[in-house]
Amino acid sequence: MIAVDCASVSVGRKGTSLLRDISFRLNGAGFVGVLGPNGAGKSTLLRVLAGLRAPDAGEARWNGLATPRWPARKRAAFCGYLPQQFAPAWDYEAGDIIALGAGRASAGDASPGHVLARFGLTALARRRWSMLSGGERARVMLAATLATSPALVLADEPGASLDVRHKLDLLRRLRSASTSSLVVAVMHDLDLALRFCDRILLLEEGALVADCSPDDLLAGDALDRVFGLRLQKVRRHDDHDWVIGLG
Ligand SMILES: Nc1ncnc2c1ncn2[C@@H]1O[C@H](COP(=O)(O)OP(=O)(O)OP(=O)(O)O)[C@@H](O)[C@H]1O
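If you're wondering where the values come from, they're calculated on a predicted model, not measured in any experiment. (Residues numbered from 1 in each chain as written. Predicted model: local features only at pLDDT ≥ 70, side-chain atom pairs only at ≥ 80, totals over all residues. Heavy atoms only, no water.)

1. Let's talk about the nonpolar core
(1) Moving on: The biggest cluster of nonpolar side chains holds 51 residues, and the ones touching the most others in it are Phe 31, Leu 35, Leu 121, Leu 174, Met 187, Leu 202 and Leu 217.
(2) Moving on: For Leu 202, the contacting residues outside a window of four places in its chain are Leu 35, Gly 36, Ala 207, Leu 208, Val 209, Ala 210, Leu 217, Ala 222, Leu 223, Val 226 and Phe 227.
(3) Moving on: Core analysis: the next-biggest nonpolar cluster, separate from the first, contains 29 residues, Ile 2, Val 9, Leu 19 and Val 32 among them. (Core = buried A, V, L, I, M, F, W, Y, C linked by side-chain atoms within 4.5 Å. Buried < 20%, exposed > 50% of the residue type's maximum accessible area, 1.4 Å probe, protein only. Contact = heavy atoms within 4.5 Å.)

2. Some details on the packing of helix α3 (residues 94-102) against helix α5 (residues 134-146)
(1) Moving on: At a closest axis distance of 7 Å, the pairing of α3 and α5 adopts a crossing angle of 25°. The angle between α3 and α5 places the two elements in the roughly parallel class. Relative to α5, α3 is oriented so that their crossing is right-handed. Contacts from Ala 94, Ile 97, Ile 98 and Gly 101 in α3 reach Val 140, Met 141, Ala 143 and Ala 144 in α5.
(2) Moving on: Its residues assigned to classes, the contact of α3 with α5 shows seven nonpolar, one polar and no charged. (Axes fitted to C-alpha atoms, helices over the stretch in contact; angles between N-to-C directions. Helix = DSSP H or I, 4+ residues; strand = E, 2+ residues; numbered from the N terminus. Parallel < 35°, antiparallel > 145°, perpendicular 65-115°, else oblique. Left-handed = near helix turned anticlockwise from the far one by under 90°. Nonpolar A, V, L, I, M, F, W, Y, C, P; charged D, E, K, R; others polar.)

3. What to know about the site of the ligand
(1) Moving on: Every one of the 13 residues lining the ligand counts as a neighbour, but Gly 39, Gly 41, Lys 42, Ser 43 and Thr 44 are closest to it.
(2) Moving on: Residue Asn 38 places a side-chain N or O atom 3.0 Å away from an oxygen atom belonging to the ligand.
(3) Moving on: With respect to the ligand, the backbone of Ala 40 contributes an N or O atom lying 3.1 Å from an oxygen atom.
(4) Moving on: Coverage of the ligand by the protein chains reaches 61% of its 640 Å² of free accessible surface.
(5) Moving on: Top contributing element to the shell around the ligand by residue count: helix α1 (residues 42-50), with three residues.
(6) Moving on: Of the residues contributing to the shell around the ligand, the split by class is three nonpolar, seven polar and three charged. (Near = heavy atom within 4 Å. Polar contact = N/O pair within 3.5 Å; in protein donor to acceptor, adjacent residues only side chain to side chain. Areas by Shrake-Rupley, 256 points an atom, 1.4 Å probe, with all protein chains shown as cover.)

Take a look at the structure:
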C-alpha cells in the first residue's frame with residue numbers, strides 16, 4: 001500500500017509564501033511530475049513530502065501517518081529521496097555510495113555489486129566522488145536511491161545534468177520503477193514530463209494551479225498562462241507522444 005497526502009500545506013519564509021495551502025492525495029503506484037517555473041516552490045514541496053521540511057501549516061502523510069511520526073529506519077526503507085544537489089561529506093567511492101543506498105532496507109537483489117551491474121555502473125565502482133562527472137554522479141545517486149525499490153521515490157530534477165541518452169535511460173528507469181512504486185519527480189522538460197508521467201502537479205508562485213493528467217493539461221491553457229508563453233502542442237504521427245514548441 002502506498003498513499004501520500006499533502007494536507008493544507010503552507011510554507012513561509014520571512015513574510016513570503018513559498019507554498020500556499022496545497023492539498024492533494026497520491027494513491028498507489030504511478031509517475032507524478034511536478035512542473036512550474038523557477039521559484040514556483042517545486043523543491044520546497046518535495047522536501048515537505050519527504051519529511052525534510054516541516055510546513056508552517058498542514059502536514060504530509062505517508063499511508064495516513066504524518067512523516068515526523070515515522071521511525072527513522074522505516075522512513076529510510078519507505079522513501080528514496082534524490083535531491084537536486086548532493087555532496088557527500090567524505091570522498092566516497094561510487095561503490096560505497098551504492099552500498100549505503102542498498103543498506104537502507106533488506107531487499108533480495110540489492111547487493112551493491114548487483115545494483116552496480118543493474119545500473120551499468122560496474123566500471124565506476126572504485127571511482128571517487130570527486131573524480132566523477134556531474135552526469136556520473138547523478139547516475140550513481142539514482143542507483144543508490146532505487147537500490148532497494150522503495151515504495152515512494154521523490155526525485156528533484158533527476159535528469160538535469162545528463163546527456164540525452166542518459167536522461168532517457170533515467171526516465172525509463174523511473175517509469176519502470178513506477179509500476180510498483182509511487183514516483184514523484186520535479187521536471188523542467190515539458191515534452192518528457194508529458195510523455196512519461198501519469199499525472200501532473202503544476203505549481204505557480206507556491207500555489208497548486210493544476211492537478212490532472214497530461215492530456216487534460218494540454219487541453220487547457222494553464223501551461224501557457226503559468227510559463228507566460230504560447231506553446232504549440234503537436235501530437236506526433238504515432239498519436240502517442242506530444243511535442244511542445246514555441247508558438
Ligand atoms: N531557505 C530559504 N530562504 C529563503 N527563500 C527560500 C528558501 N528556500 C527557498 N526559498 C525561495 O522559495 C521559492 C521557492 O523555491 P524552490 O526551490 O522550492 O523553487 P523551485 O520551483 O524548485 O525552483 P527551481 O525551478 O528554480 O529549482 C524561491 O523563490 C526561493 O528563492
